[in-house]
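Okay, here's what each chain looks like letter by letter:
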Amino acid sequence: MIVPMRHVTLLCLDSARTRALEALATLGVVHLQSQTGALPQADAVKRERARLARAEAALSEIELVAQESGHGARRHAREVPEAADLDAVIETAESLNRLLRQAETLRRSLAQWAPFGHFDPAALQRLERAGVAVRLFRCDAETCPTPPDGATVHLLHRDDGHAWGAWIGPGDLPAGCVPVPLPDRPTAEIEAEHEALLAEIRSDRERLLAARRHLPELQAAMVAQQERIDAAEALAGMGREGEIAWLTGF
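**A short note on the overall build of the chain**
Part 1: Looking only at helices and strands, one finds six helices and eight strands in the chain.
Part 2: For the chain, the α and β elements follow one another from N to C terminus as β-α-β-α-α-α-β-β-β-β-α-α-β-β.
Part 3: A buried classification covers 32% of the 250 residues belonging to the chain.
Part 4: Of all intrachain contacts in the chain linking residues separated by at least 6 positions in sequence, the fraction that spans at least 24 positions is 76%.
Part 5: With an accessible surface of roughly 15,500 Å², the chain has 54% of that area assigned to carbon and sulfur atoms.

Below, the structure is given as structure tokens:
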């Protein structure tokens, strides 16, 4: 059966707006409407809403990590925090995603240089300054270039589809050869940074798995934050005239 709802207007003293809203929240019988047609978005409310969205994303990240790890949180029982800390979880989840992006960027870079082995671009740059140009390239395995007089090609790696090599000396790379840019530092240094990022990623994953044991407390903290947002918006949305404040709802 559909129960009809009544539109009501409630008056109170402007000085008692907060107490009136707290009483209504306790009763839970009125669905409030803003007097302005749209709830004001003060800076504080915006920050609270942004934090709530970040918290929701963090809790989703906890579940994702748990699924990827086979719900392995019990392996890290010694690292379980004594109490839930929503801000710490948000920070860890955002750190994890930032590290994942950085590690993927380095992984892609390392993949293009892997066929050449470890090398220092500074050595190639010194040769170029001495008048010996060295260019790295990739080409189809079936169409490796033939260098002109005065140039040399060294093939460094080959698989079923491609070959990678170094063109040493004058002349332009022929059609079919794709130049491979030099890294900005030794590849061994980039690889070490990538390994360090992977270690940080593992650490953040373990912290999120440990925090999963406090999921009910974290969810309760999010509910409390949503209530604070609702209260702030309801307070800002009340009509005011002199010493009287009012709100409407159903």
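Structure's up, so let's keep going.
**A closer look at the state of the cysteines**
Part 1: According to the stated counting rule, one finds zero disulfides in the structure shown.
Part 2: Not part of a disulfide, C144 finds its nearest cysteine sulfur in C139, a span of 4.1 Å.
Part 3: With relative accessibility at 25%, the residue C144 sits in the partly exposed group.
Part 4: The cysteine C177 is free of any disulfide, with C139 supplying the nearest cysteine sulfur at 4.7 Å.

**Some details on the packing of aromatic side chains**
Each aromatic ring pair is characterised by the separation of its centres together with the angle its planes make.
Part 1: Summed over all chains, the structure comprises one aromatic pair.
Part 2: Seen in terms of ring centroids, F116 and F119 are 6.4 Å apart; in terms of plane orientation they differ by 80 degrees. Their pairing is edge-to-face.
Part 3: Judged by its relative accessible area of 11%, F116 is buried.

**Some words on helix α5 (residues 187–211)**
Part 1: Taking 1.5 Å per residue, 25 residues should reach 36 Å; α5 reaches 36 Å between its end C-alpha atoms and fits that length.
Part 2: Of the residues making up α5, those classed as buried are T187, I190, H194, L197, I201, D204, L208, L209, A210 and A211.

**Remarks on the sheet that holds strand β5 (residues 162–168)**
Strand pairing in a sheet takes place through backbone hydrogen bonds and is either antiparallel or parallel in direction.
Part 1: Read across the open sheet, the four strands follow the order β4-β5-β3-β6; overall the sheet is antiparallel. A strand with exactly one partner marks an edge of an open sheet, and here the two such strands are β4 (152–158) and β6 (178–180). Across the sheet, the mean angle from the axis of one strand to that of its neighbour is 35 degrees, orientation sign disregarded.
Part 2: In terms of strand pairing, β4 meets β5 through six bridges, oriented antiparallel.

**Re the confidence of the model for the chain**
Part 1: When the pLDDT values of the chain are averaged, the result is 81; 70% of them are 70 or greater.
Part 2: At the level of individual helices and strands, the chain shows its lowest average pLDDT in strand β2 (residues 32–33), which scores 50, and its highest in α5, which scores 96.
Part 3: Overall, residues 35–40 carries pLDDT values under 50, and its contacts beyond four positions in sequence, including any with other chains, amount to 11 contacts.

**Observations concerning the packing of helix α3 (residues 86–113) against α5**
Part 1: Interaxial distance between α3 and α5 falls to 9 Å at its minimum, and their mutual angle equals 150 degrees. In terms of their interaxial angle, α3 and α5 are classed as roughly antiparallel. For α3 against α5, the interelement crossing comes out left-handed.

**Description of the pattern of salt bridges**
Part 1: Summed over the entire model, instances satisfying the criterion amount to 10 salt bridges.
Part 2: Among the ionic pairs, R54 bridges to E94, the shortest N-O distance being 2.6 Å. With a gap of 40 residues between them, R54 in helix α2 (residues 43–68) and E94 in helix α3 connect regions that are remote in the sequence.
Part 3: When its relative accessible area of 32% is taken as the criterion, E94 is described as partly exposed.
Part 4: Several salt bridges converge on common partners, so that one network encompasses D184, R185, E189 and E193.

**Considering the pairing of β5**
Part 1: With five of seven residues buried, β5 is to be regarded as a mostly interior element.
Part 2: As defined by bridge partners, strand β3 (residues 134–140) adjoins β5 across seven bridges and the pair is classed as antiparallel. Each bridged residue has a counterpart across the sheet, and for F137 the counterpart in β5 is G165.

**Quick look at the environment of A55**
Part 1: In this fold, A55 is placed in helix α2.
Part 2: Taking relative accessible area as the criterion, A55 reaches 0% and is therefore assigned buried.
Part 3: Measuring from C-alpha to C-alpha, the distance between A55 and L86 comes to 7.1 Å, with 31 residues separating the pair along the chain.

**Observations concerning the nonpolar core**
Part 1: Among the nonpolar cores identified, the biggest contains 36 residues, and I62, L86, V89, L136, L208 and L218 are the most heavily contacted of them.
Part 2: The set of elements that each furnish at least two residues to this core consists of α2, α3, β3, β5, α5 and α6 (215–236).
Part 3: Among the elements that line this core, the one with the most residues is α3, at 10 residues.
Part 4: In contact with V89, other than residues within four places in its own chain, are A58, I62, L208, A211 and L218.
Part 5: Formed by seven residues, the second largest nonpolar core is a distinct cluster that contains F137, V153, A163 and W167.

Conventions used here
- Residues numbered from 1 in each chain as written.
- Predicted model: local features only at pLDDT ≥ 70, side-chain atom pairs only at ≥ 80, totals over all residues.
- Heavy atoms only, no water.
- Helix = DSSP H or I, 4+ residues; strand = E, 2+ residues; numbered from the N terminus.
- Buried < 20%, exposed > 50% of the residue type's maximum accessible area, 1.4 Å probe, protein only.
- Contact = heavy atoms within 4.5 Å.
- Areas by Shrake-Rupley, 256 points an atom, 1.4 Å probe, with all protein chains shown as cover.
- Disulfide = S-S within 2.5 Å.
- Phe/Tyr/Trp six-rings, centres within 6.5 Å; stacked < 30°, edge-to-face > 60°.
- Expected span 1.5 Å × (residues − 1).
- Pairing = 2+ DSSP bridges.
- Axes fitted to C-alpha atoms, helices over the stretch in contact; angles between N-to-C directions.
- pLDDT = per-residue confidence, 0-100.
- Parallel < 35°, antiparallel > 145°, perpendicular 65-115°, else oblique.
- Left-handed = near helix turned anticlockwise from the far one by under 90°.
- Salt bridge = Lys/Arg side-chain N within 4 Å of Asp/Glu carboxyl O.
- Core = buried A, V, L, I, M, F, W, Y, C linked by side-chain atoms within 4.5 Å.

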